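Listed below, chain by chain, are the residues.
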Amino acid sequence: MEIETVELSEIDLAGAIQLRVDGENTDAVDDYARALERGEVLPNPKAVRCEDGTLILYGGNQTIAAYRRAGITECQVEVTPGDRDLANWLASAENTSHG
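Residues numbered from 1 in each chain as written. Predicted model: local features only at pLDDT ≥ 70, side-chain atom pairs only at ≥ 80, totals over all residues. Heavy atoms only, no water.

Even after reading the chapter, I still don't get the nonpolar core, so can you show me in this structure?
By size, the foremost hydrophobic cluster in this structure holds 18 residues, and its most contacted members are Leu 8, Ile 11, Leu 55, Ile 64, Cys 75 and Val 77. Put simply, the parts of the chain that give this core at least two residues each are α1 (26-37), β3 (55-59), α2 (61-69) and β4 (74-81). When neighbours within four sequence positions are excluded, Ile 11 is seen to be in contact with Val 6, Leu 55, Leu 57, Ile 64 and Val 77. The next biggest cluster of nonpolar side chains, apart from the first, holds 7 residues, and it includes Cys 50, Ile 56, Ala 87 and Ala 91. (Core = buried A, V, L, I, M, F, W, Y, C linked by side-chain atoms within 4.5 Å. Buried < 20%, exposed > 50% of the residue type's maximum accessible area, 1.4 Å probe, protein only. Helix = DSSP H or I, 4+ residues; strand = E, 2+ residues; numbered from the N terminus. Contact = heavy atoms within 4.5 Å.)

Take a look at the structure:
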């Protein structure tokens, strides 16, 4: 795992793994966006970088949405080399640890 500064446009949101049945929590995204606007630091989103360079988000979907809502174009991301299978496994592990 490595921390990288990533342009949000680099993250493949269409391929992002979202295990939550209810999808985006707009209240949480609004709260996070306001926190960012106050200068607070959020936990780093997590992604897998595939061999072709694609970044698959597996943790921090609400955080990425908050950065976008706050007009921020880049953030620190925990990046792990791998593939979609690893991203799916890591997403399941993330979901198990905090729902």
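Let us keep going from here.
Just to check I follow, could you spell out a negative patch on the surface for this structure?
A cluster of acidic side chains, namely Glu 51, Asp 52, Asp 83 and Asp 85, defines a negative patch on the protein surface. Residue placement: Asp 83 occurs in the loop between β4 and α3 (84-98). (Patch = residues over 30% accessible without salt bridge, like charges linked within 9 Å, V, L, I, M, F, W, Y side chains within 5 Å. Areas by Shrake-Rupley, 256 points an atom, 1.4 Å probe, with all protein chains shown as cover. Salt bridge = Lys/Arg side-chain N within 4 Å of Asp/Glu carboxyl O. Lys, Arg positive; Asp, Glu negative; His and termini not counted. Charge placed at Lys NZ, Arg CZ, Asp CG, Glu CD.)

What am I meant to see in the sheet that holds strand β1 (residues 2-7) here?
Pairing between the strands of a sheet comes from backbone hydrogen bonds, and it takes one of two forms, parallel or antiparallel. Strand order in the open sheet formed by 4 strands is β1-β4-β2-β3, and the pairing between neighbours is mixed. On the outer flanks of this sheet lie β1 and β3, each paired with one strand and no other. Along the sheet, successive strands turn relative to each other by an average axial angle of 45 degrees, direction set aside. As defined by bridge partners, strand β2 (residues 46-49) adjoins β3 across 4 bridges and the pair is classed as antiparallel. Looking at β3, one finds that Lys 46 is bridged to Gly 59. Lying on the sheet, α2 is in contact with β3 and β4; it crosses β3 at an angle near 115 degrees. (Pairing = 2+ DSSP bridges. Axes fitted to C-alpha atoms, helices over the stretch in contact; angles between N-to-C directions.)

What is the right way to read the pairing of β2 from this model?
Side-chain direction in a regular strand flips from residue to residue, so the side chains alternate between the two faces of the sheet. Between the end of β2 and the start of β3, which pair antiparallel, lie 5 residues, with Gly 53 showing a positive phi angle near 95 degrees. As judged from the 4 bridges shared by β2 and β4, these two strands associate in the parallel manner. Directly across from Lys 46, in β4, lies its bridge partner Glu 78.

Can you help me understand the environment of Thr 26 in this one?
Here Thr 26 shows up in helix α1. In the structure, Thr 26 is positioned 39 residues away from Ala 65 in sequence and 9.0 Å away in space, judged by C-alpha atoms.

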